[in-house]
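So the chains spell out like this:
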Amino acid sequence: MNPAKRLAIFETLREVNPTPETELEYSSPFELLIAVLLSAQATDVGVNKATRKLFPVAHTPQQILDLGEDGLIEYIKTIGLYKTKAKHVMATCRILVEQHGGKVPPVREALEALPGVGRKTANVVLNVAFGHPTIAVDTHIFRVANRTGLAPGKNVDEVEQKLLKVVPKDFLHDAHHWLILHGRYVCKARKPECWHCAIEPLCEFREKTPAPKS
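Details of the pattern of salt bridges
Under the definition given, this model contains 10 salt bridges. For lysine 87, the salt bridge goes to glutamate 69, with nearest N and O atoms at 3.3 Å. Here the residue lysine 87 occupies a position in helix H5 (residues 82–100), and glutamate 69 occupies one in helix H4 (residues 61–76), the gap between them amounting to 18 residues. Lysine 208 is the partner of glutamate 200 in a salt bridge, and the nearest nitrogen-oxygen pair spans 3.0 Å. Exposure remark for glutamate 200: the relative accessible area of 28% places this residue in the partly exposed category. Take lysine 208: its relative accessible area is 27%, and that puts it in the partly exposed class. Look at the salt bridges and you will find they share partners, linking Glu23, Asp44 and Arg184 into a network.

Have a look at this one:
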């Protein structure tokens, strides 16, 4: 895909959604970190239902530590893998209190040193909470990047590095949101809804899905 077409794709996505945002609900970098930790193999809707009850009660690392692991589980047991996630959240909160003054560090290495935090989670926090021009490649972004021809790659790391190179700088901060939302609601895994896709004329996917018959 040539640079002009990539630019046109992001110009179109921006026109459709000028101010894209994460669908996870949060009011601080710490709440975002916890929400992202809980969202692995879970839906944002499911995480939001749990954190709407959790965060009013415990929205700092110390407050979650004060709940205890069993107390935390009572709030997140509706989320998949909740026992493992509870252990990670508790261990993360302990490190934040003991090593970072209860604050979320805006540094990749420090974030990735937290239990349960991999590169994708770190990228989300760096991008959304601290404004870093990073892209967290999940299954949606991986699919969109490959299917459209925007930044094809064999794995998420390859796609991430390619996107960071080819996405025009003016669009790099919001690219993560545009691509994930596009993959979640339009360029779906099983049946992409090409018939109402804003970037369909620019997309290089050959097997376009026709509109369903009415």
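Considering the packing of aromatic side chains
Under the criterion given, the structure shown has three aromatic pairs. Seen from their ring centres, phenylalanine 10 and tryptophan 178 are 6.4 Å apart, and the 55° between their planes marks the pair as tilted. Placement of phenylalanine 10 in helix H1 (residues 3–16) and of tryptophan 178 in helix H10 (residues 172–185) is noted, with a sequence separation of 168 residues between them. As far as the burial class goes, phenylalanine 10 and tryptophan 178 line up, both buried.

Concerning the packing of helix H2 (residues 29–38) against H5
Viewed as axis vectors pointing N to C, H2 and H5 meet at an angle of 155°, and their least axial separation amounts to 10 Å. Relative to H5, the element H2 is oriented roughly antiparallel. H5 is crossed by H2, and the crossing has right-handed handedness. From H2, Phe30, Leu33, Ile34, Leu37 and Leu38 reach across to H5, where they touch Lys85, Val89, Thr92, Cys93 and Leu96. Broken down by class, the residue content of the contact of H2 with H5 amounts to eight nonpolar, one polar and one charged.

Section: the environment of threonine 43
Note on placement: threonine 43 falls in the loop between H2 and helix H3 (44–54). When its relative accessible area of 52% is taken as the criterion, threonine 43 is described as exposed. Spatially, the C-alpha atom of threonine 43 lies 9.8 Å from that of glutamate 23, the residues being 20 residues apart in sequence. Within the local environment of threonine 43, its side chain forms a polar contact with the backbone nitrogen of glycine 46, the two atoms lying 3.0 Å apart.

Here we look at the nonpolar core
Counting residues in hydrophobic clusters, the biggest one holds 35 residues, and the most contacted among them are Leu33, Ile34, Ile64, Leu72, Val89 and Leu111. Counting only elements with at least two residues in this core, the list comes to H2, H3, H4, H5 and helix H7 (119–128). Element by element, the count of residues in this core is highest for H2, at eight residues. Apart from residues no more than four positions distant in its own chain, valine 89 is found in contact with Ile34, Leu37, Leu38, Ile64 and Leu72. Within the second largest apolar cluster, 24 residues are counted, among which are Leu150, Ala151, Leu179 and Ile180.

Looking at the packing of H2 against H7
Following both chains from N to C, one finds H2 and H7 inclined at 150°, their axes separated by 10 Å at the closest point. Taken together, H2 and H7 sit at an angle that is classed as roughly antiparallel. Here H2 runs over H7; the crossing is right-handed. Contact residues: Leu32, Leu33 and Val36 in H2; Thr121, Val124, Val125 and Val128 in H7. Here the contact of H2 with H7 is composed, by residue class, of six nonpolar, one polar and no charged.

Section: H10
With 14 residues, H10 extends 21 Å between its outermost C-alpha atoms, agreeing within 8% with the 20 Å of an ideal straight helix rising 1.5 Å per residue. Counting buried positions along H10 gives 10 out of 14 residues, so the element sits mostly inside the fold. Turning to H10, its buried residues are Leu172, Ala175, His176, His177, Trp178, Leu179, Ile180, Leu181, His182 and Gly183. The inward-facing, buried residues of H10 contact H1, H7, helix H8 (139–148) and helix H9 (156–166).

What counts, and where the lines are drawn
- Residues numbered from 1 in each chain as written.
- Predicted model: local features only at pLDDT ≥ 70, side-chain atom pairs only at ≥ 80, totals over all residues.
- Heavy atoms only, no water.
- Salt bridge = Lys/Arg side-chain N within 4 Å of Asp/Glu carboxyl O.
- Helix = DSSP H or I, 4+ residues; strand = E, 2+ residues; numbered from the N terminus.
- Buried < 20%, exposed > 50% of the residue type's maximum accessible area, 1.4 Å probe, protein only.
- Phe/Tyr/Trp six-rings, centres within 6.5 Å; stacked < 30°, edge-to-face > 60°.
- Axes fitted to C-alpha atoms, helices over the stretch in contact; angles between N-to-C directions.
- Parallel < 35°, antiparallel > 145°, perpendicular 65-115°, else oblique.
- Left-handed = near helix turned anticlockwise from the far one by under 90°.
- Contact = heavy atoms within 4.5 Å.
- Nonpolar A, V, L, I, M, F, W, Y, C, P; charged D, E, K, R; others polar.
- Polar contact = N/O pair within 3.5 Å; in protein donor to acceptor, adjacent residues only side chain to side chain.
- Core = buried A, V, L, I, M, F, W, Y, C linked by side-chain atoms within 4.5 Å.
- Expected span 1.5 Å × (residues − 1).

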